[in-house]
Amino acid sequence: MELTEEQMKHIRIQNPYGMIALVLSILAFLFPKYGLSIITLIFCILTYFTFDKEKEDNPWPFYIGIIISLIGLKLFFTGETHEIIV
């Protein structure tokens, strides 16, 4: 089943930078001792401005990425770590 051009106009896509920011912030949160949260926070804020409200679905990956990066930054500055059980 193929979509018509009219249907394609109504389909919204996800911003790839938002998904990259979300994944990087999760990695920075999981490993706070390396200080990746600083880089990830800057990346999340800078790429947030690539979000286009008309074409793309939602900005929440950016928001969640910023929040997780801030938590990772707090862990980095206080020297706290958490153990990952696999």
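Parameters and conventions
- Positions within a chain are numbered from 1, following the residues in the order the chain's sequence is written.
- Side-chain atom pairs in this predicted model are given and counted only at pLDDT of 80 or more, local residue features only at pLDDT of at least 70, and totals for whole chains, interfaces and linings cover all residues.
- Calculated side-chain values reflect all of the structure's heavy atoms, with hydrogen atoms and water omitted.
- Each helix is a run of H or I in the DSSP string that is no shorter than four residues. Each strand is a run of E no shorter than two, and both are numbered from the N terminus.
- In this treatment the radius of gyration is a C-alpha quantity, and the globule benchmark scales as 2.2 Å times the residue count to the 0.38 power.
- Exposure classes here rest on a 1.4 Å probe applied to the protein chains alone. A residue is buried below 20% of its type maximum, exposed above 50%, and partly exposed in between.
- In what follows, residue pairs with any heavy atoms lying within 4.5 Å of each other are defined as contacts.
- Each accessible area is a Shrake-Rupley result for a 1.4 Å probe, and residues are judged covered by the shown protein chains and nothing else.
- Charged residues are defined narrowly, with Lys and Arg counted positive, Asp and Glu counted negative, and His plus the chain ends left uncounted.
- Charge positions are represented by NZ for Lys, CZ for Arg, CG for Asp and CD for Glu.
- Under the pairing criterion, centres of Phe, Tyr and Trp rings, with the six-membered ring standing for Trp, must be within 6.5 Å; the plane angle then separates stacked pairs below 30 degrees from edge-to-face pairs above 60, leaving the rest tilted.
- A pairing counts as a salt bridge when a side-chain nitrogen of Lys or Arg comes within 4 Å of a carboxyl oxygen of Asp or Glu.
- Expected span of a helix: the number of residues minus one, times 1.5 Å.
- The reported arc concerns the directions from the helix axis to the C-beta atoms and nothing else.

(A) Quick look at the overall build of the protein. Within the protein one finds 4 helices and 0 strands. Put simply, the protein runs from its N terminus to its C terminus through helices and strands in the order α-α-α-α. Here the protein has a C-alpha radius of gyration of 16 Å; the compact-globule value for 86 residues is 12 Å, and the former is much larger. In terms of overall dimensions, the protein has C-alpha extents of about 55 × 30 × 15 Å along its principal axes. For the protein, the proportion of its 86 residues judged to be buried stands at 28%. Pairs at least 24 residues apart make up 70% of the contacts formed inside the protein by residues separated by at least 6 positions. For the protein, the accessible area works out to roughly 6,500 Å², and carbon and sulfur atoms hold 68% of it. Taken as two groups, the 6 positive and 9 negative side-chain charges of the protein have centres that lie 7 Å from each other.

(B) Examining the packing of aromatic side chains more closely. In this structure the tally under the stated criterion is 6 aromatic pairs. On the basis of an interplanar angle of 50° and a centroid distance of 6.5 Å, the ring pair of Phe 31 and Tyr 34 is categorised as tilted. Centre to centre, the rings of Tyr 48 and Phe 49 are 5.8 Å apart; their planes meet at 70°, and the pair counts as edge-to-face. Residue Tyr 48 is classed as partly exposed on the basis of its relative accessible area of 25%.

(C) Just the pattern of salt bridges, in detail. All told, the structure shown has 1 salt bridge when counted by the stated rule. In this structure, Lys 74 and Glu 80 form a salt bridge, with 3.5 Å as the shortest nitrogen-oxygen distance.

(D) Here's a closer look at helix H3 (residues 36-48). If you check H3, its first and last C-alpha atoms are 18 Å apart, about what 13 residues at 1.5 Å a residue would give, namely 18 Å. Looking only at H3, the buried set comprises Ser 37, Thr 40, Leu 41, Cys 44 and Thr 47. Seen along its axis, H3 keeps its buried residues to an arc of 145°; they face one direction. Summarising the geometry of H3, the exposed residues directed more than 90 degrees from the buried face are Ile 39 and Leu 46. Elements that come into contact with the buried residues of H3 comprise helix H2 (16-30) and helix H4 (60-78).

By themselves, these observations are geometric and do not establish any function.
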